[in-house]
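Take a look at the letters that make up each chain.
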Amino acid sequence: MFGMMQTQGLMISSILTHAARHHGSGEVVSRTHENTTHRYTWCDVEARSRRLVRVMQTLGVGAGDRVGTLAWNGFRHLEVYYAAPGMQAICHTINPRLHPDDIAYIVNHAQDKVLFVDSSFAALITAVAPRIADSVHTVVMLTAPENMAEVTLAPGMTLACYDQLMDAADDDYVWPNFDENTASALCYTSGTTGRPKGVLYSHRSTWLHAYSTALPDVLCIRASSRVLPVVPMFHVNAWGMPYAAALTGAALVLPGRHLDGASMASILNSEGVTFTAGVPTVWLGLLQYLRSSGERLETVQRIMTGGSAAPPLLIEAFRDEYGVAVEHGWGMTELSPVGTYNAPKPAQAGLTKEQAAAHMLKQGRILPGIDMKIVDGDGKALPWDGVAFGDLMVKGPWIASAYYGEEPGSALDQDGWFATGDVATIDADGFMEITDRSKDVIKSGGEWISSITLENIAVSHPDVVEAAVIAATHAKWDERPLLLVVPAPGKTVDPASVLALYAGKVAKWWLPDDVIVVTELPHTATGKLLKTRLRAQYRDHYVTGSKG
Ligand code: ADP
């Protein structure tokens, strides 16, 4: 017997109409490229998104078409976020930090018809234009006529100005209802190995993800919150905050392209931001700036960090020096992206300071609505004792079932679980801790060593700003950890002083066999350590080097 409740689908447009109707004066603030501040309301976003649908229709965009964006966090980008899915088209966000070859590949793979681009990417568009001309017929620059940047497009492609198109359009569009499983947005993983793969979100998955992430034990976003996603809207939907903010009526503050410590401190304070989210690198930059300038954070209560493991220093420094809680979350493109969040249970109230510090480093509990487990090499579930570590598997309605263009269900095992490629422990309270990417774990004499644990200890050295541990081939043990450290500006690092930090913290056989001091480490387009390159360079260090 079916329940007798109404069954209208979960439309992304209804997140926005809710915001406009019930939080109409709620603010959306953007720092523009011209360094001015643009302010309007959720009511304006809704009306302008309808107007943008009319623009897209005149550009020949229809249901199921992909429209690409190459843009920073700003109000025009937000309008594309809502207009495209609202008319049954698909908002395809592209990471401009990728190599131009990958960008051309992604645009062609997605077959984007129209690209919405920020003026700061004019050179990038000029560079890739000849290679994407078969898919893209119009490039719309997200700016006013007086700020159009010069672009050379390929024959057959047209350049247009966003504000001009918007001025000429009507906003008489009426949001339609359709199947909630309709595709809404497309985002490619950054592809540290192999070609990028597309994850195709739906209206339903986006709604459920927004609901769950807004909960008190997750991002805790409410109408009185002022939310600033530092994480770019071109990287996994800015972790869903453009949707969660509208759903709850929170003010949304969009920082544009300047994400250095000084710019962040300025916008966080001037806009009275209460909650902000981004990767550890951004927070380390902010911390450095605050320490050197003496500025304070006036209104920020909580910072979410994710994307890579949070160094302990980050959590401690913000708490002790600035009274701000740094909270750890984990996710990935395939998870829309948020999967876990570290919010305490009653059991955590009794932890000692040291235990609490270790606990904060965990990536947290699964969001309600999805599930996780860890398995060994044979697929057998491992115990939740905080010690056993294995491959992390996830399942649920905002997790990808296949990559764009591939067979439905092809990314899942026979029981419907998605392998994250991460290796983790889960403790008795259900808190998950990532110990590695499965391809980064160090397999020494048949036992596993966590590179993240070793990196976290290395960066607690006062003169080390960044560390990477990789598996280097070893004649006797198969692989042994090799540590690379970057000294703080103007400092030198004595390897012995770094190795001394491990005493009593990890088993002796976990200790890196060697430490190499380097001036910098390579990163991916999403700011993560590019370990594939480090491995290619240093894999044979113990075989050919003096430490063999
Ligand atoms: P990419 O496109 O770089 O693969 P994602 O942004 O989808 O990017 O990255 C997902 C991966 O990032 C996860 O599988 C995990 O390895 C890593 N990651 C994300 N959050 C955390 C975290 N809080 N701690 C450790 N690793 C994390």
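Residues numbered from 1 in each chain as written. Predicted model: local features only at pLDDT ≥ 70, side-chain atom pairs only at ≥ 80, totals over all residues. Heavy atoms only, no water.

Caption draft 1: Representation of the overall build of the chain. Across its full length, the chain carries 16 helices and 25 strands. Taking 24 Å as the expected radius of gyration for a compact globule of 548 residues, we find that the chain reaches 24 Å, a close match to that expectation. Summarising its shape, the C-alpha atoms of the chain cover approximately 70 × 60 × 50 Å along the three principal directions. In the chain, which comprises 548 residues, the share counted as buried stands at 57%. In the chain, 67% of the contacts between residues at least 6 apart in sequence involve partners at least 24 apart. When the accessible surface of the chain is totalled, it reaches about 22500 Å², and 52% of it is carbon and sulfur. Each charge sign in the chain was given a centre, from 43 positive and 57 negative side chains, and these centres are 2 Å apart. (Helix = DSSP H or I, 4+ residues; strand = E, 2+ residues; numbered from the N terminus. Rg over C-alpha atoms; globule rule 2.2 N^0.38 Å. Buried < 20%, exposed > 50% of the residue type's maximum accessible area, 1.4 Å probe, protein only. Contact = heavy atoms within 4.5 Å. Areas by Shrake-Rupley, 256 points an atom, 1.4 Å probe, with all protein chains shown as cover. Lys, Arg positive; Asp, Glu negative; His and termini not counted. Charge placed at Lys NZ, Arg CZ, Asp CG, Glu CD.)

Caption draft 2: Geometry of the sheet that holds strand β8 (residues 183-188). Reading across from one edge, β7-β6-β5-β3-β4-β8-β9 is the order of the 7 strands in this open sheet, with mixed pairing throughout. Both outer strands of the open sheet, β7 (158-161) and β9 (198-202), are each paired with one neighbouring strand and no more. When strand polarity is set aside, the average angle formed by the axes of neighbouring strands in this sheet is 25°. Sheet topology note: the strand β4 (residues 90-93)/β8 ladder contains 3 bridges and is parallel. (Pairing = 2+ DSSP bridges. Axes fitted to C-alpha atoms, helices over the stretch in contact; angles between N-to-C directions.)

Caption draft 3: Highlighting the pattern of salt bridges. Counting across every chain of the model gives 23 salt bridges. In this structure, the salt-bridge partner of R50 is E46, at a minimum N-O distance of 2.9 Å. Of this pair, R50 and E46 both sit in helix α2 (residues 42-58), 4 residues apart, roughly one helical turn. Accessibility classification places R50 together with E46 in one group, the buried group. In this structure, the salt-bridge partner of R54 is D172, at a minimum N-O distance of 2.6 Å. Of the two residues, R54 sits in helix α2 while D172 sits in the loop between α6 (162-168) and β8, which places them 118 residues apart along the sequence. With a relative accessible area of 25%, R54 lands in the partly exposed category. Through salt bridges with shared partners, one network takes in E27, R39, R226 and E271. (Salt bridge = Lys/Arg side-chain N within 4 Å of Asp/Glu carboxyl O.)

Caption draft 4: Layout of the site of the ligand. Taken together, the neighbourhood of the ligand is formed by 18 residues, with G329, T333, D422, R437 and K528 sitting nearest. D422 places a polar side-chain atom, nitrogen or oxygen, 2.6 Å from an oxygen atom of the ligand. Considered on its own, the ligand offers 580 Å² of accessible surface; in the complex 91% of this is hidden by protein. Broken down by element, the residue count for the shell around the ligand peaks at 4 residues, all from strand β14 (residues 325-331). Considering only residue class, the shell around the ligand consists of 3 nonpolar, 12 polar and 3 charged. (Near = heavy atom within 4 Å. Polar contact = N/O pair within 3.5 Å; in protein donor to acceptor, adjacent residues only side chain to side chain. Nonpolar A, V, L, I, M, F, W, Y, C, P; charged D, E, K, R; others polar.)

Caption draft 5: Local environment of helix α11 (residues 312-322). Looking at α11, one finds that the buried residues are P312, L314, I315, A317, F318 and Y322. On the buried face of α11, the contacting elements are α10 (280-293), β13 (302-305), β14, α12 (353-360) and α13 (451-458). Two residues or fewer after α11 comes G323, characterised by a positive phi angle close to 65°.

Caption draft 6: Looking closely at the environment of R51. Mapped onto the elements, R51 comes out in helix α2. Given the relative accessible area of 22%, R51 is considered partly exposed. Separated by 316 residues in the primary sequence, R51 and L367 have C-alpha atoms spaced 35 Å apart. The contacts of R51, once residues within four sequence positions are left out, are M166, D167, A169, D170 and D171. Here M166 takes part through its backbone oxygen, which lies 3.1 Å from a polar atom of the side chain of R51.

Caption draft 7: Just the environment of A468, in detail. Looking at where A468 falls in the secondary structure, it is placed in strand β23 (residues 464-474). Linking A468 and L70, residues 398 residues apart in sequence, is a C-alpha distance of 30 Å. Beyond its immediate stretch of four places on either side in the chain, A468 contacts E455, L482, L483, L484, L521, L529 and L534.

Caption draft 8: Spatial organisation of the packing of helix α1 (residues 12-22) against helix α7 (residues 203-214). Here α1 crosses α7 at 45°, and the two axes come no closer than 8 Å. One finds that α1 runs oblique with respect to α7. Seen from α1, the contacting residues are I12, S14 and I15; seen from α7, they are H203, T206 and W207. For the contact of α1 with α7, the per-class residue count stands at 3 nonpolar, 3 polar and no charged. (Parallel < 35°, antiparallel > 145°, perpendicular 65-115°, else oblique.)

Caption draft 9: Examining the packing of aromatic side chains more closely. One pass over the full model with this rule turns up 11 aromatic pairs. Here the aromatic rings of W72 and F234 are separated by 5.5 Å at their centres, their planes lie at 65°, and the arrangement is edge-to-face. In this pair, W72 is assigned in the loop between β3 (66-70) and α3 (75-86) and F234 in the loop between β10 (226-229) and α8 (241-248), connecting sequence segments 162 residues apart. For the pair formed by W72 and F234, the shared burial category is buried. Summarising the aromatic geometry, the rings of Y81 and Y243 are spaced 5.8 Å apart at their centres and angled 35° between planes, so their arrangement reads as tilted. Of the two residues, Y81 is situated in helix α3 and Y243 in helix α8; the sequence distance between them amounts to 162 residues. A relative accessible area of 4% means that Y243 is categorised as buried. (Phe/Tyr/Trp six-rings, centres within 6.5 Å; stacked < 30°, edge-to-face > 60°.)

These figures come from the coordinates and say nothing about function on their own.
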